[in-house]
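# Coordinate inspection notes
Chain by chain, the residues:
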Amino acid sequence: MREGVAWALHLFAGVILFFLLLFHVTQMHVALFPGWGEAALEWTNVLARAGARGWKILYLLFLAAALYHGFFGLRNVLIEISFLRRRVNEVTIVLSALGVILFAYGFYTTLATPSPMPGLP
Amino acid sequence: MASTKQKALPETYTVEVFRFAPGEKKPRYDRFEVPVQHPGMTVLEALLYIKENLDPTLAVRYSCRMAVCGSCGMYVNGKGVLACHTRLAEFPSGKIRVSPMPNYPVVKDLMTDMSEFFTHHREVKPYIINPEMRAEIERPTREFLQTPEEVEEYLQFSYCIKCGLCVSACPTVASDPDFLGPQALMTVTRYNRDTRDGGWTYRLEVVDRPHGVWNCHFAGACTEVCPKGVDPALAIQFLKREAVVHGLGLDRLPFWPKRKQAPLAPPPKPARRKGIPAPPPRTVPES
């Protein structure tokens, strides 16, 4: 992939993360404000969300964006200021592999959650 | 009412000069007392006074003495300047400290090794490349036509005198010596925006890579320090946009504005009037 395209995706992933984080925070932590959405934090509702297809897609997108944004940023830091400056390909391959493994793990965890959760209404 | 009386300049300046010679373990600062010879005396003149009268071993690079050649870039009181373009009057305290440009190896005293700088500069092919008009570029017969607006697109970037101050001020160069640097990247924009040029894809290949244009963090120190008023930070942002557009293939979409190519001027009208004989045949064969 061209460096410029990778960089543009890095920015794009950052924008996606911003909106997904906003959504995540308002859905999961808005109960910090009294009278707002306590029901969302009830365990049965958390489990229900974890099993819902829409939420699964949302969290997979979140995971992909976070991993890409984080690892591409880390790669840039490493090849700019560390002793790995002239080992660009090696750093890219190792971090890409790590990202793919973590995504596969997250993908498995997300999909392993039954949809819909048994025992829930 | 504000007083128009100017504050008198000190009669003598204390000039601390960075000293280092190959083989020495540590650099040091030597202090010299330099008399002010005229109100417009520059830092370069002060250094030349030291060299001529106080210490002939002082090494300083200079040439034109009029801010055109870009040879005398150095740091005065921590600020990157051209020594020939900086007057002592700008430092009314009567004391200055002169150092070589950071981010470059020091050859001796105030002279820095610019070879890496020019390697990066050459790497981006800083000249007009036009494969379709190669013969015309190499043996010009007519001029290329550009509108004033097309010239404005790159004009300010062509004012660069390659003094290297932008690279010395760049925080990214300080942390990543392999970074192409603001001067080379700005040069890419200067030629890529020139409608006579056709080598933009080659230059994008050079800069669209690790340690290329993407390492610029837009600190803006290059623009801040440039003695010619060039804005390399802006040029790099243009270049990032160009690289993304080309990398994503947006410039191949039918509705995307196409690059302009400067046309050749029409052939000149024959200036010979009737009755004037033709010139004699060539005596030297055309090479």
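Small disclaimer: the values here were computed from a predicted structure and weren't measured. (Residues numbered from 1 in each chain as written. Chains lettered and ligands numbered in written order. Predicted model: local features only at pLDDT ≥ 70, side-chain atom pairs only at ≥ 80, totals over all residues. Heavy atoms only, no water.)

## Comments concerning the sheet that holds strand 1 (residues 12–19) of chain B
All names here are of chain B.
- Sheet architecture is open: five strands sit in the order 2-1-5-3-4, paired in mixed fashion. The two strands at the open ends of the sheet, each matched to only one other strand, are strand 2 (28–35) and strand 4 (79–82). The sheet shows a mean angle of 35° between the axes of neighbouring strands, taken without regard to direction.
- Alignment of strand 1 against strand 5 (residues 95–99), held across four bridges, turns out to be parallel. (Pairing = 2+ DSSP bridges. Helix = DSSP H or I, 4+ residues; strand = E, 2+ residues; numbered from the N terminus. Axes fitted to C-alpha atoms, helices over the stretch in contact; angles between N-to-C directions.)

## So, the pairing of strand 1 of chain B
All names here are of chain B.
- In terms of burial, strand 1 is a largely internal element, seven of the eight residues being buried.
- Where strand 1 meets strand 2, eight bridges bridge the pair, whose relative direction is antiparallel. Bridged to Glu16 within strand 2 is Arg31. (Buried < 20%, exposed > 50% of the residue type's maximum accessible area, 1.4 Å probe, protein only.)

## Quick word on the nonpolar core
Residues and elements named next belong to chain B.
- By size, the foremost hydrophobic cluster in this structure holds 63 residues, and its most contacted members are Val43, Leu47, Val98 and Val207.
- For this core, the leading source of residues is helix 1 (residues 43–54), giving seven residues.
- Here this core spans two domains, since at least three of its residues come from each of domain 1 (12–112) and domain 2 (115–252). (Core = buried A, V, L, I, M, F, W, Y, C linked by side-chain atoms within 4.5 Å. Domains from an automatic or database assignment.)

## Observations regarding the domain arrangement of chain B
Residues and elements named next belong to chain B.
- Along its sequence, chain B is organised into domain 1 (12–112) and domain 2 (115–252).
- Across the boundary between the two partners, domain 1 contributes 14 residues, which contact 15 residues of domain 2.
- Between domain 1 and domain 2, a total of about 1000 Å² is buried, with carbon and sulfur atoms accounting for 56% of that surface.
- The largest per-residue losses of area from domain 1 upon contact with domain 2 belong to Leu82, Asn103 and Tyr104, which jointly make up 44% of the total buried on that side.
- For the pair domain 1 and domain 2, the number of links is zero salt bridges.
- Our count for the contact surface shared by domain 1 and domain 2 stands at six residue pairs in polar contact (both at pLDDT 80 or more).
- Elements with a contribution of two residues or more to the side of domain 1 that touches domain 2: strand 3 (73–76) and strand 4. (Contact = heavy atoms within 4.5 Å. Buried area = accessible area lost by both parts, 1.4 Å probe. Salt bridge = Lys/Arg side-chain N within 4 Å of Asp/Glu carboxyl O. Polar contact = N/O pair within 3.5 Å; in protein donor to acceptor, adjacent residues only side chain to side chain.)

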